[in-house]
Amino acid sequence: MRSSVTAVGLGIAAGGLGLRALVALGRVLTLTDLPAHADPGVAAGVYDTLTAILRTTAWAAVAAGLALALTAWLSGRARRSPPTDEAPAPAADPP
C-alpha cells in the first residue's frame, strides 16, 4: 500500500511537471507564429495572463505530489523501525 501511494504521489508530481512543460512549449510556439504586424510583448503578456492559473496549478500539483510521496515513504520507514524502549521477550525453555 505504501509503495502504491508513493507511486501515485510521484505520478501527480510528474503530471504537474508535464503540464508546466506543455504550457511553456505552447508559449514558445504561440510567440513564434505571430503575424508580422503583431507586437510580441503584448502577445506574451496576453498568453501569460491566460495561462497563469495553469502554471500555478502545475506547481501546486508538483508540491502536493512530492509531499504525498514523501509522507508515504516516511510513514513506512517509521513503521518498520523496531521499538527502542522494549526489551526482547525471553526465549521459552523447551519442556
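Residues numbered from 1 in each chain as written. Predicted model: local features only at pLDDT ≥ 70, side-chain atom pairs only at ≥ 80, totals over all residues. Heavy atoms only, no water.

Moving on, we come to helix H1 (residues 2-32). Relative to the 45 Å expected for 31 residues at 1.5 Å per residue, H1 spans 45 Å between its end C-alpha atoms, a close match to the ideal helical length. Residues of H1 that are buried include every one of Thr6, Gly9, Ala13, Gly16, Val23 and Gly26, and no others. (Helix = DSSP H or I, 4+ residues; strand = E, 2+ residues; numbered from the N terminus. Expected span 1.5 Å × (residues − 1). Buried < 20%, exposed > 50% of the residue type's maximum accessible area, 1.4 Å probe, protein only.)

Looking now at a nonpolar patch on the surface. A contiguous nonpolar surface patch, about 220 Å² in accessible area, is contributed by Val8, Ile12 and Leu68. Along the chain, isoleucine 12 falls in helix H1. Judged by relative accessible area, isoleucine 12 falls into the partly exposed class, the value being 37%. (Patch = residues over 30% accessible without salt bridge, like charges linked within 9 Å, V, L, I, M, F, W, Y side chains within 5 Å. Areas by Shrake-Rupley, 256 points an atom, 1.4 Å probe, with all protein chains shown as cover. Salt bridge = Lys/Arg side-chain N within 4 Å of Asp/Glu carboxyl O.)

This part is about the pattern of salt bridges. A full pass over the atoms with the stated rule returns 1 salt bridge. Of the charged contacts, one joins arginine 27 and aspartate 48 as a salt bridge, the two residues approaching to 2.8 Å between their closest N and O atoms. Pair noted here: arginine 27 is in helix H1 and aspartate 48 is in helix H2 (residues 40-50), with a separation of 21 residues, a long-range link. On the basis of relative accessibility, which here comes to 24%, the residue aspartate 48 falls in the partly exposed class.

These figures capture arrangement, not role.
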